[in-house]
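Chains, contacts and geometry: an overview
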Amino acid sequence: MGAERDDAAQAGTVVTPSAEFPPLGDEERAALGRIGERWRGPRRADDLPVDPTLGRHDHHPAPTRFGRLAPIDMFTVAQPGELVATGAADLPGNRAGRSVARVRRTLIGPPLSSASVLYERMRKLVALPVLSSDLLSSVAYGPEAMLAVLVLAGSAALGLALPLAAVLVVLMVAVGLSYRQTIPAYPHGAGSYIVAGDNLGRTPGLAAAAGLMLDYVLTVSVSIAAGVHAVTSALPGLGRSTVPLGVLVIAVLLAGNLRGVRTAGNIFVLPTYAFVVVLLVVLAVGYAKAASRGFAPLPPPSAPAAEGLGLLLVLRAFSSGAVSMTGIEAVSNAVPAFRPTEWRNARTTLGWMVAMLVTLFAGLIGLIHLDGLAPRADETLLSQLGRVTFPSGPGYAILQATTALILLLAANTAFNDFPRLLFFMARDGHAPRRFLHMGDRLAFSNGLVALALTAAVVFVAFGGHTERLIPLYAVGVFLAFTLSQTGMVVHWRRRRGPGWRRRLAVNAVGATLSGLVLLTAAVAKFAEGAWVVVLAVPLLVLLFRRIHGHYDRLHRALALHSPPSAPPAECDELPQQVRHLVVVPVARLNRASLRALAYATSLGRPTLAVHLAPAQDEADRFRDQWRAWGDHLKLETIVSPYRSVIGPLAHYLEALHAASPDLTLTVIVPEVVLRRRRYRLLHSRAEQRLRTALRALPGVVVTSVPVHVSR
C-alpha cells in the first residue's frame, strides 16, 4: 500500500487544463524527428513581421499625446520567444460581445489563470458538506421511500422497518469501508469507472460509468423534486409551481458551480451543516420525549392492506430504503479536488460522512417507529416528525427550511462529480473531447451544462414527482458499487501486498451486498420504471464504445505517418512534396475579385481563374472584360444554363482533383466582410456555401481573401 501511495503522489493529479493536449508517444516523436530531418523550407526569421523589440525591455502602457487613455497590453513577455495572453486579450472586439462578456463575468466571476488550478481545491471542512449533501440529504426521503412500500401491506407491516434498517446500516458500513480502501489505491479519482476498467475490463468500466452518470442525473432530479416537495408541504399554495421552481433551482445550481469548485463549495457549506445540526436536535428532543414514556412505541395510524405481505414487497421496501446510500461514492470520484495529501483527506472525509449517515438514518427510523408515524400523501414523514417534536415555537419552521435547502442543494454533489467523470472518460476517448475543457473559472463548464440540461429534461418529463423518480434511482448507483468493489477484489488478488486478504474480504463483502441490492432493485422495481435504467445502461455502453471507435480511427488517420487509406494529396508531410494549383472563382471583376487574384498570384504557384456564367452571352461578355484587364491569368469559363453556381463549380474542382489526385487544389474565394450585421441578409454568402460544398473533397484547401466594407 505504501508503494502505491508513493507512485500516486509522484504521478500527481491528471485534472489539469493541459489534459486537452495529450503529449506525443515515443513512436510519434520518432516519426516527427524523421520528418523534420527531411524538411526544407524558409528559415530566415528576419523576414517575418515580428516586432524586433519584443522581449528586449519591459514597458508599461502610458497615455499618448493623441489620447488620454492608456492602451491595454494584450500580451506580456514570459521569456524570449514566448508571450502570455492577458485577461484583456479574451474580450471580444465588438460592443455586443463585450456586453455579453460583462454579464457573464458578473454571473460567474472573472476568469482564473491555469496556474490557479492547484488552489481551486477544497479543505476537509468544505469538502464534507459539498460532497456529502447528496448522501446526507437522502435521509430526508430514503426512510419514507422504504416505509411507503411497507405500508402497502397494512400498518402492521411497518414493524419490519427496524430489521430492514439494521441490514441497511450493515450495508452502509460495508460499502463505506470498501470505498475507504479504494481511495488510497486509486487516488486519482473517477472511482468506479477507473477501478472497474483497470481490473475487470473496458466494458465493465463503461457499465460502471453509465450507472454513475444515470445516478448523477437522477440525483439532481430526485433531490430537486424532494426539496420542492418539502417547500410545498410547508407552503401548499406553491403546489402548482412545482416544475418551474425545480427548473429555476437547477439553473441557480448551474450558475453557482460555474463559478468554480472553491467558490461553489463556500456557497453550499452552511446549508449542509445547518441541516445536520437541526436533525441532531430533532433526534435529541425526540428520544428525550420517548425516554420520558419509557421508550414505549406509539401505535401507527390504521392503514388497510393494499397488497399481501410477501418476499417481493419486503425486497421492494429494502431497495427503496437503499437510496439513502446514493452519494457514498462521491468522495472517491473527487479525490483530486482535495488539498494535499489528497487521498488522506478524502478518506477522512468519507469516514465522517458514513458515520453521520448511519447516525441520522438509524436515528430517524427508530424515532419514526417510536412516534408511530406512517407515510401520508399530503405531508412528508420528516414534516410529520417535526410537528410532533416541535409542537410550538420556530423549531418546525427551521427544520422544514433546512430540509428544503439541503434537498435543493444536494444536487451539488452531482454537479461536482458528473463533469469530473466525463473528464476521465473523455481523456480515455469514451466521451466527446470537449468535456476535457476547463472553463473561465477552472470548472468543467461543458459537463456542468450537460448535467443541468439532462436533469431538467428528466425533472420536467416526470412532473417533479419524487415517487415517480425513486424507482429509477437505485439500479444505476448499485451497479457502480458492485462493479467497483468487484474490481477491488481483483485488484487485491493481483497485488497481494501486506494485509491483502483482509482488504480483499472487506471489498468482497461490499461487492456481495451491493450485488444483492442491485438484483433486488432491478427485479422488484422493474415494472415500476427500473426497466428504463436496465435498458439505458447497455445503450450508453454501446454509445461510449462507438465514440471510442471514432476517436481511435481519427488518431490512426492523423498519426505522424501516411495512412494507407488517405488520398495521395493528403499524405504530404514535407513542403517539397506539395504540388499546388491555385483556383480563384470570379463572379465579376471588382475590387474584391482583383484582390483575390493578386493574392493568388503572389503565392508564386500555377493559378487558374474560373467564371460561371448563366448563359453564353454572359460568358462572352466576361471574357471580353478579362481581355480588357490584360488576360494575365488563364481563365476557364463554365456556362451553367440552369443558373446554379455552387454545384457545377464543386463538380469541376472534383474533376480537376480526379485528373491529378496528388495535386493540392487551393481555392481562394473573395469575401466581402460587412461591419454591420443587419446588412448580411442582403447578400447571398456564396463563399460560405462553396466552402461547405468543397469540405468533403480530399486534397482541397479553401481560404478566403476578405475585403472589409465599413458601411
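So, here's what we can say about the structure. (Residues numbered from 1 in each chain as written. Predicted model: local features only at pLDDT ≥ 70, side-chain atom pairs only at ≥ 80, totals over all residues. Heavy atoms only, no water.)

Considering the environment of serine 383
The criterion, for reference: The helix count covers DSSP runs of H or I at least four residues long, the strand count covers runs of E at least two residues long, and both are numbered beginning at the N terminus. Exposure is judged per residue with a 1.4 Å probe applied to protein chains only, and the accessible area is read against the type maximum: over 50% gives exposed, under 20% gives buried, and values in between give partly exposed. Contact definition: two residues touch when any of their heavy atoms are within 4.5 Å. Side-chain atoms alone can form a polar contact between residues adjacent in sequence; in general such a contact is a pair of N or O atoms within 3.5 Å, and within protein one must be able to donate a hydrogen while the other accepts it.
With respect to the helices, strands and loops of the structure, serine 383 is situated in helix H14 (residues 381-389). Judged by relative accessible area, serine 383 falls into the buried class, the value being 0%. Residues serine 383 and serine 233 lie 150 residues apart in sequence; the distance between their C-alpha atoms is 7.7 Å. Not counting chain neighbours up to four residues away, the residues in contact with serine 383 comprise Tyr396 and Gln400. Within the structure, the side chain of serine 383 is placed 2.7 Å from the side chain of tyrosine 396, a separation counted as a polar contact.

Regarding the packing of helix H9 (residues 242-258) against helix H17 (residues 445-461)
For any two helices packed against each other, one specifies the inter-axial angle together with the distance between the axes. Rules: Whenever a helix is involved, its axis is fitted only over the stretch in contact; in every case the axis is a line through C-alpha atoms, and angles between N-to-C directions fall within 0 to 180 degrees. Oblique is the label for any angle not covered by the other classes, which are roughly parallel (under 35 degrees), roughly antiparallel (over 145) and roughly perpendicular (65 to 115). For this scheme, ten residues count as nonpolar: Ala, Val, Leu, Ile, Met, Phe, Trp, Tyr, Cys and Pro. Four count as charged, namely Asp, Glu, Lys and Arg, and the remainder, Gly too, count as polar.
Contact geometry of H9 with H17 gives a least axis separation of 10 Å together with a crossing angle of 170 degrees. Viewed along their axes, H9 and H17 adopt a mutual orientation that is roughly antiparallel. Packed against H9, whose contacting residues are Thr242, Val243, Gly246, Val247, Ile250, Leu254, Asn257 and Leu258, the element H17 presents Ser445, Leu448, Val449, Ala452, Ala455, Ala456, Phe459 and Val460 at the interface. Residues of the contact of H9 with H17, tallied by class, amount to twelve nonpolar, four polar and no charged.

Observations concerning unusual backbone geometry
Along the chain, proline 340 connects to threonine 341 via a cis peptide bond; the corresponding omega equals -5 degrees. Relative to the assigned elements, threonine 341 resides in the loop between helix H12 (330-333) and helix H13 (342-370). With a phi close to 55 degrees, phenylalanine 295 is a non-glycine residue in the positive phi region. Mapping phenylalanine 295 onto the fold places it in the loop between helix H10 (261-292) and helix H11 (311-321). Look at phenylalanine 295 and you get partly exposed, because its relative accessible area is 45%. A positive phi angle, near 50 degrees, is found at aspartate 631, a position not held by glycine.

Observations concerning the sheet that holds strand S3 (residues 579-585)
The condition is simple: Between any two strands, at least two bridges found by DSSP are needed for them to pair.
Reading across from one edge, S5-S4-S3-S6-S7 is the order of the five strands in this open sheet, with parallel pairing throughout. Of all strands in the sheet, those with a lone pairing partner are strand S5 (634-639) and strand S7 (700-709), marking the two edges. Shown here is a sheet whose adjacent strand axes are inclined to one another by a mean of 25 degrees, direction ignored. For S3 and strand S4 (residues 607-613), the ladder comprises four bridges, and the chain directions are parallel. Looking at the pairing, valine 583 lines up with leucine 608 of S4. Against the sheet, helix H23 (residues 616-629) engages S4 and S5, with an angle of about 165 degrees to S5. Across the sheet, helix H24 (residues 646-659) is in contact with S3, S4, S5 and strand S6 (663-674); its angle to S4 comes to roughly 145 degrees.

With respect to the nonpolar core
Which entries qualify depends on this criterion: Among buried residues, those of type Ala, Val, Leu, Ile, Met, Phe, Trp, Tyr and Cys that are joined through side-chain atoms within 4.5 Å constitute a nonpolar core.
Counting residues in hydrophobic clusters, the biggest one holds 151 residues, and the most contacted among them are Leu150, Val220, Ile224, Phe415, Met425 and Phe478. The biggest single contributor to this core is helix H8 (residues 202-234), with 18 residues. Aside from chain neighbours lying at most four places away, what touches leucine 150 is Ala157, Leu158, Leu160, Ala161, Leu164, Leu313 and Ala317. Grouped together as the second largest cluster of nonpolar side chains are 20 residues, Leu608, Leu649, Leu690 and Leu697 included.

What to know about the pairing of S6
Within a regular strand, side chains alternate between the sheet's two faces. By the criterion of burial, S6 is predominantly enclosed, with ten of the twelve residues buried. In this sheet, S6 lies alongside S3 in parallel orientation, the contact comprising five bridges. Bridge pairing links valine 583 to valine 667 in S6. Where S6 lies against S7, ten bridges are found, and the strand directions are parallel. Residue pairing across strands places leucine 674 opposite valine 709, the latter belonging to S7.

With respect to the packing of aromatic side chains
Working definition: an aromatic ring pair is given by the centre-to-centre distance plus the angle between the planes. Spelled out, the test is: The aromatic pairing rule takes the rings of Phe, Tyr and Trp, using the six-membered ring of Trp, and pairs them if the centres are within 6.5 Å, calling planes under 30 degrees apart stacked, those over 60 edge-to-face and the rest tilted. The criterion is that NZ of a Lys, or CZ of an Arg, lies within 6 Å of the ring centre and within 35 degrees of the ring normal, and then a charge sits over that ring.
If you walk through the whole model with that rule in mind, you get seven aromatic pairs. Judged by centre distance (4.8 Å) and plane angle (55 degrees), the ring pair of tryptophan 626 and tryptophan 629 falls under tilted. Highlighted residues: tryptophan 626 and tryptophan 629, both in helix H23, separated by three residues, approximately one helical turn. Residue tryptophan 626 is classed as buried on the basis of its relative accessible area, which comes to 1%. An aromatic cluster is built from Tyr179, Phe478 and Phe481, whose rings are joined through pairwise contacts. Across the ring face of tryptophan 492, the terminal group of arginine 503 is positioned such that the distance to the ring centre comes to 5.6 Å.

Concerning H23
Quick note on the threshold: By definition here, a helix of n residues has an expected span of 1.5 Å times n minus one. Read the arc as the range of directions from the helix axis to the C-beta atoms.
Over its 14 residues, H23 runs 20 Å from end to end, which matches the ideal 20 Å to within 8%, given 1.5 Å per residue. Listed in full, the buried residues belonging to H23 are Ala619, Phe622 and Trp626. Seen along its axis, H23 keeps its buried residues to an arc of 65 degrees; they face one direction. Every exposed residue of H23 that faces more than 90 degrees away from the buried side is listed here: Arg627 and Ala628. Considering only its buried residues, H23 is in contact with helix H22 (591-602), S4 and S5. Backbone geometry just downstream of H23 places glycine 630 in the positive-phi region, at approximately 130 degrees.

What about the environment of leucine 597?
Structurally, leucine 597 is set in helix H22. Ignoring anything within four residues of it in the chain, the contact list for leucine 597 reads Val584, Val586, Ala609, Trp626, Trp629 and Leu633.

Topic: a nonpolar patch on the surface
Where we set the bar: Residues enter patches when their relative accessible area tops 30% and they take part in no salt bridge; the joining distance is 9 Å for like charges and 5 Å for the nonpolar side chains Val, Leu, Ile, Met, Phe, Trp and Tyr. To measure how exposed things are, a 1.4 Å probe is used in the Shrake-Rupley method; for residues, cover is taken only from the protein chains shown. Salt bridges, as used here, are contacts in which a Lys or Arg side-chain nitrogen is within 4 Å of a carboxyl oxygen on Asp or Glu.
Side chains of Phe526, Trp531, Val532, Val534, Leu535 and Leu539 sit close together on the surface and give an oily, nonpolar patch of about 530 Å² of accessible area. Topologically, phenylalanine 526 is positioned in helix H21 (residues 526-558). Its relative accessible area of 42% is what places phenylalanine 526 among the partly exposed residues.

Overview of the pairing of S4
Short version of the rule: A crossover gets the label right-handed when its path from the first strand over the helix to the second runs clockwise, viewed with the strands pointing away from the viewer.
Burial analysis of S4 places seven of its seven residues in the buried class, which makes it a mostly covered element. Side chains Thr607, Ala609, His611 and Ala613 project from S4 onto one buried face, and the interleaved Leu608, Val610 and Leu612 project onto a second face that is buried too. For the handedness criterion, the β-α-β arrangement of S3, H22 and S4 is classed as right-handed. Bridge count for S4 against S5 is six bridges, and the pairing is parallel. Bridging across to S5, leucine 612 finds its partner in isoleucine 638. What joins S4 to S5 is H23, and the crossover it makes is right-handed.

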